[in-house]
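Here's the letter readout for the chains.
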Amino acid sequence: MGLKLSILDQSVIAENETAFDAFNHTIELAQRAEELGYQRLWVSEHHNAEKLAGSVPEVLIAHLLAKTKQIRIGSGGVMLQHYSPYKVAETFNVLASLSPGRVDLGLGKAPGGLPLSTKALQQDFDGNPKELWEKLVDLKKFISDTLEPYDPFYGLKAEPVPPTPPELFLLGASASSAKLAGELGYSFVFAQFINSEERILNEAFDEFSHLQKRKKLQPLSFILALSVIVADTEEEAKELVANSKIVKVHLKSGKTVTVGSVEQAELFAKQANESYQLEIQEANILYGSKETVREKLLHLQNIYDLEEVIVVTPVQNFEKRLKSYVLLSEAFSEISVPVK
């Protein structure tokens, strides 16, 4: 069984670049990914993030769909806790009507930012906001147009209803997220680049697989999202990985959040107004030459019976980031495609 390759792009604003530059890199990456045969390209949602330009993925998705012809384009993901499921369904139904059969709706459980941006996004919520699982249920019904007579919004449609609805995914990094996806009938993407603990990944895979067998629903996908860097040599790849860290903020309330720097972690705790502990870890990046990375990915494919992986390449320099994706494609293809 072949392994499908997909991309998660975060529209990184590198040193001495602007958001305009970052978005143009994302456009070029989508076009090159299409040429290289990647299955899909997703864009992320981050708020008040100085070095990440993608705060509104649905706008960027529309632009990318217009700039490409075949590759699937989607969100990795829309942070549903901030939004009305009905409005999200309308937005993605418009996208799916503009580009039938090419739109993915990936949904994230995280806030996508620090507590202050979450407060700003949710300032108009009433005193009894719906739980996330309730929003996921409502959203799926709006997307599939399957509201029941007992639903309070029965008779309402998320117009326009596209010929092919967006494909639905839930993103997460825990067994509980995998269970939620399986229970609600969403394909699941495990963010290994956020949570690299093998025990948690195994629990998530087992939970999702068990629910699939028990429920006997339509086939749903279990996909791994990984940090991957490919270079011409092992030494060059190791240099690109050097000093890559992730920082976990353990709040007194019991919540744990993963961020990209100590400064972000301290700011998160300050805005949350909680005492905290920091945990600094080496970033979990799969790296090496084409041959090395291919072998590692095929090993993961065999363990988790994967049909697809979604790759994020945490390299600031766009040319090196693009080359990594070209080399990764070559690793799984007999045809070499030159870097432009």
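Keep in mind it's a predicted model, so treat the numbers as computed, not measured.

Reading the values: rules and limits
Residues numbered from 1 in each chain as written. Predicted model: local features only at pLDDT ≥ 70, side-chain atom pairs only at ≥ 80, totals over all residues. Heavy atoms only, no water. Salt bridge = Lys/Arg side-chain N within 4 Å of Asp/Glu carboxyl O. Helix = DSSP H or I, 4+ residues; strand = E, 2+ residues; numbered from the N terminus. Buried < 20%, exposed > 50% of the residue type's maximum accessible area, 1.4 Å probe, protein only. Contact = heavy atoms within 4.5 Å. Phe/Tyr/Trp six-rings, centres within 6.5 Å; stacked < 30°, edge-to-face > 60°. Lys NZ or Arg CZ within 6 Å of the ring centre and 35° of its normal. 1 Å grid on protein atoms, 1.4 Å probe; cavity = no way out; pocket = protein on both sides within 12 Å on 5 of 7 lines; lining within 4 Å. Points joined across faces, edges and corners; volume = space filled by probe spheres on them. Nonpolar A, V, L, I, M, F, W, Y, C, P; charged D, E, K, R; others polar. Pairing = 2+ DSSP bridges. Axes fitted to C-alpha atoms, helices over the stretch in contact; angles between N-to-C directions. Left-handed = near helix turned anticlockwise from the far one by under 90°. pLDDT = per-residue confidence, 0-100. Arc of directions from axis to C-beta.

1. Overview of the pattern of salt bridges
Pairs can form between side chains of opposite charge once their charged atoms are near each other.
Point 1. What the rule picks out here adds up to 14 salt bridges.
Point 2. Close ionic contact of arginine 40 with aspartate 104 constitutes a salt bridge, the shortest N to O distance being 2.7 Å. Remark: aspartate 104 occurs in strand E4 (residues 103-108) and arginine 40 occurs in strand E2 (residues 40-43); sequence separation between them is 64 residues. Taken as a pair, arginine 40 and aspartate 104 share a single burial class, namely buried.
Point 3. The salt bridge partner of arginine 199 is glutamate 197, with a shortest N-O separation of 2.9 Å.
Point 4. Judged by relative accessible area, which is 47%, arginine 199 ranks as partly exposed.
Point 5. For glutamate 197, a relative accessible area of 39% gives the class partly exposed.
Point 6. A single salt-bridge network, built from bridges that share partners, covers Arg40, Arg72, Asp104, Glu167 and Glu308.

2. Observations regarding the environment of leucine 171
Point 1. Locating leucine 171 in the fold gives a position in strand E5 (residues 167-172).
Point 2. Of the residues examined, leucine 171 reaches a relative accessible area of 17% and is grouped as buried.
Point 3. A sequence separation of 108 residues divides leucine 171 from glutamate 279, and the C-alpha atoms of the two residues are 23 Å apart.
Point 4. Once you skip the residues sitting within four places of it in the chain, leucine 171 turns out to touch Trp42, Gly76, Gly77, Gly106, Leu107, Gly108, Lys109, Phe188 and Val189.

3. A few points about the packing of aromatic side chains
Point 1. Overall, the coordinates contain 10 aromatic pairs when judged by the stated rule.
Point 2. When the centroid spacing of 6.2 Å and the interplanar angle of 90° are considered together, the rings of tyrosine 38 and tyrosine 325 count as edge-to-face. Taken together, the residues tyrosine 38 in the loop between helix H1 (19-36) and E2 and tyrosine 325 in helix H11 (residues 318-331) connect sequence positions 287 residues apart.
Point 3. We classify tyrosine 325 as buried; its relative accessible area is 1%.
Point 4. By the ring-pair criterion, three or more aromatic residues cluster together here, those being Phe188, Phe190, Phe205, Phe208, Phe222 and Tyr304.
Point 5. Of note, arginine 294 hangs over the ring of phenylalanine 332, and the distance from its end group to the ring centre comes to 5.1 Å.
Point 6. The ring of tyrosine 287 has lysine 296 lying over it, and the distance from NZ or CZ to the ring centre is 5.3 Å.

4. Observations concerning the layout of surface pockets
Point 1. What the second largest pocket holds in volume is close to 340 Å³.
Point 2. Lining of the second largest pocket is provided by 18 residues; of these, Leu220, Ser221, Phe222, Asp305 and Glu307 occupy positions nearest its centre.
Point 3. Among the residues forming the lining of the second largest pocket, the class breakdown is eight nonpolar, four polar and six charged.

5. Topic: the sheet that holds strand E10 (residues 276-282)
Point 1. Pairing is antiparallel in the open sheet, where three strands are placed in the order E9-E8-E10. For this open sheet the edge positions go to strand E9 (256-259) and E10, each flanked by a neighbour on one side alone. Direction aside, the axes of adjacent strands within the sheet are offset by 25° on average.

6. Some remarks on the packing of helix H3 (residues 85-98) against helix H5 (residues 132-144)
Point 1. The geometry of H3 relative to H5 is characterised by a closest axis approach of 9 Å and an angle of 35° between their N-to-C directions. Judged by the sense of rotation from one axis to the other, the crossing of H3 with H5 is right-handed. Note on element contacts: H5 touches H3 through Lys135, Asp138, Leu139, Phe142 and Ile143, opposite Pro85, Tyr86, Val88, Ala89 and Asn93.

7. Section: the confidence of the model for the protein
Point 1. Summarising the model, the protein shows a mean pLDDT of 91, and 96% of its residues fall at 70 or more.
Point 2. A low-confidence stretch, residues 335-340 (pLDDT under 50), is modelled with 13 contacts involving residues beyond four sequence positions or located in other chains.

8. What about helix H2 (residues 57-67)?
Point 1. For H2, the set of buried residues is Pro57, Leu60, Ile61, Leu64 and Leu65. Buried residues of H2 fall within an arc of 140° about the axis and therefore sit on the same side. In this structure, H2 carries Val59 and Ala66 as exposed residues pointing more than 90 degrees from its buried face.

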